[in-house]
Amino acid sequence: DTAVSQTPKYLVTQMGNDKSIKCEQNLGHDTMYWYKQDSKKFLKIMFSYNNKELIINETVPNRFSPKSPDKAHLNLHINSLELGDSAVYFCASSQAGGGGQPQHFGDGTRLSIL
Amino acid sequence: GENVEQHPSTLSVQEGDSAVIKCTYSDSASNYFPWYKQELGKRPQLIIDIRSNVGEKKDQRIAVTLNKTAKHFSLHITETQPEDSAVYFCAASIGYGGSQGNLIFGKGTKLSVKP
């Protein structure tokens, strides 16, 4: 069973479009995250979310918005896609309780903007 | 905010040799330091982690050391094998405030193990 699953695995779209990436975890974790990995392989936190609080990295454009229908899901919506949004996006989850919890990553969604 | 520096960016070793990757962090309140291995086209996978109340941890051929005073931690891989070839990331977790739990990653080390 896949612990953290993302769909789609690949997403190719045109500049200006709006797209969503879905993430689900079956680990019973309370906190979920979105990370962006750019072409240089640098991993950067975008959001963290538990059932109480959304923490947004201040450098993330407001075109990106996470939406959580329940604690097992954290979807990522992106409006008005730009060339610089091309990257691999990873969803992750962990137990709550503050710093110090192992995070489990999904397989990633490779987003390519034409 | 927290900043994590990782060195070297690339490392090439012969099979059977040891490999050492070093990281430094800036926020003395960080209290959790995981290491992830990422193979080409795959997801980052946790290989070992250490908390700030421990100085060293070992799991078979992998060990991590932490020096809180100097704010640096290192990954040691002994008896390297070709399947150890991957990109390794260190990370630090902010242990307080609203961003607690968020991992701040180093820029990665590409390890190549030559047979």
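Residues numbered from 1 in each chain as written. Chains lettered and ligands numbered in written order. Predicted model: local features only at pLDDT ≥ 70, side-chain atom pairs only at ≥ 80, totals over all residues. Heavy atoms only, no water.

The next thing to look at is the overall build of chain B. Broken down by element type, chain B carries zero helices and 11 strands. Overall, chain B shows an N-to-C arrangement of helices and strands of β-β-β-β-β-β-β-β-β-β-β. A compact globule built from 115 residues would reach a C-alpha radius of gyration of about 13 Å, and chain B, at 14 Å, matches this within 12%. Summarising its shape, the C-alpha atoms of chain B cover approximately 45 × 30 × 20 Å along the three principal directions. Pairs at least 24 residues apart make up 53% of the contacts formed inside chain B by residues separated by at least 6 positions. In the structure as shown, chain B presents an accessible area of about 5700 Å², 46% of it carried by carbon and sulfur atoms. Seen as two clouds, the 13 positive and the 12 negative side-chain charges of chain B have centres 3 Å apart. (Helix = DSSP H or I, 4+ residues; strand = E, 2+ residues; numbered from the N terminus. Rg over C-alpha atoms; globule rule 2.2 N^0.38 Å. Contact = heavy atoms within 4.5 Å. Areas by Shrake-Rupley, 256 points an atom, 1.4 Å probe, with all protein chains shown as cover. Lys, Arg positive; Asp, Glu negative; His and termini not counted. Charge placed at Lys NZ, Arg CZ, Asp CG, Glu CD.)

This brings us to the state of the cysteines. Residues and elements named next belong to chain A. Using the criterion set out here, one finds two disulfides over all chains in the structure. Bridging Cys23 to Cys91, the disulfide has an S-S length of 1.9 Å. Disulfide Cys23 to Cys91: torsion about the S-S bond roughly -80°, handedness left-handed. With Cys23 in strand 3 (residues 19–25) and Cys91 in strand 9 (residues 87–94), the pair connects residues that are 68 residues apart, well separated along the chain. Residue Cys91 is classed as buried on the basis of its relative accessible area, which comes to 0%. (Disulfide = S-S within 2.5 Å. Buried < 20%, exposed > 50% of the residue type's maximum accessible area, 1.4 Å probe, protein only.)

Here we take up the interface of chain B and chain A. In this assembly, 24 residues from chain B lie in contact with 19 residues from chain A. Interface area, chain B with chain A, both sides summed: about 1800 Å², of which 57% is carbon and sulfur. For the chain B face of the interface with chain A, the top three residues by lost area are Arg43, Asn102 and Phe105 of chain B, together amounting to 28%. Viewed at the interface, chain A and chain B are joined by one salt bridge. Salt-bridge contacts for Arg43 of chain B lead to Asp107 of chain A; the nearest nitrogen and oxygen are separated by 3.3 Å. Counting every contact that joins chain B to chain A gives five residue pairs in polar contact (both at pLDDT 80 or more). Elements that contribute at least two residues to the side of chain B that touches chain A include exactly strand 4 (32–38), strand 5 (45–51), strand 9 (86–93) and strand 10 (103–105) of chain B. (Buried area = accessible area lost by both parts, 1.4 Å probe. Salt bridge = Lys/Arg side-chain N within 4 Å of Asp/Glu carboxyl O. Polar contact = N/O pair within 3.5 Å; in protein donor to acceptor, adjacent residues only side chain to side chain.)

All names here are of chain A. With antiparallel pairing, the four strands of this open sheet are ordered in space as 1-3-8-7. Where the open sheet ends on each side, the last strands, each with one partner, are strand 1 (4–7) and strand 7 (64–67). Strand after strand, the sheet turns through a mean of 20° between neighbouring axes, direction not considered. Where strand 1 and strand 3 come together, four bridges link them in antiparallel fashion. By the bridge assignment for strand 3, Val4 is matched with Gln25. (Pairing = 2+ DSSP bridges. Axes fitted to C-alpha atoms, helices over the stretch in contact; angles between N-to-C directions.)

The subject of this paragraph is a positive patch on the surface. Where like charges cluster on the molecular surface, the positive patch consists of Lys9, Lys41 and Arg110 of chain A together with Lys42 of chain B. Along the chain, Arg110 of chain A turns up in strand 11 (residues 109–113). On the basis of relative accessibility, which here comes to 38%, the residue Arg110 of chain A falls in the partly exposed class. (Patch = residues over 30% accessible without salt bridge, like charges linked within 9 Å, V, L, I, M, F, W, Y side chains within 5 Å.)

The next point concerns the layout of surface pockets. To find leftover empty space, a probe the size of one water molecule is rolled over the atoms. In this model, the second largest pocket occupies a volume close to 430 Å³. If you go around the second largest pocket, you meet 25 residues; those closest to its centre are Lys41 of chain A together with Gln38, Glu39, Leu40 and Gly41 of chain B. Sorting the residues of the lining of the second largest pocket by element identifies strand 9 and strand 11 of chain A together with strand 9 and strand 11 (109–114) of chain B as the ones contributing at least two each. When the residues that make up the lining of the second largest pocket are grouped by side-chain class, the tally is seven nonpolar, nine polar and nine charged. (1 Å grid on protein atoms, 1.4 Å probe; cavity = no way out; pocket = protein on both sides within 12 Å on 5 of 7 lines; lining within 4 Å. Points joined across faces, edges and corners; volume = space filled by probe spheres on them. Nonpolar A, V, L, I, M, F, W, Y, C, P; charged D, E, K, R; others polar.)

Another point: the environment of Gln25 of chain A. All names here are of chain A. Relative to the assigned elements, Gln25 resides in strand 3. Judged by relative accessible area, which is 3%, Gln25 ranks as buried. In sequence terms Gln25 and Asn79 are 54 residues apart; their C-alpha atoms lie 24 Å from each other. Gln25 has contacts with Ala3, Val4, Met32, Lys71, Ala72 and Ser93, leaving out every residue within four places of it along the chain.

Taken by themselves, the reported measurements are silent on function.
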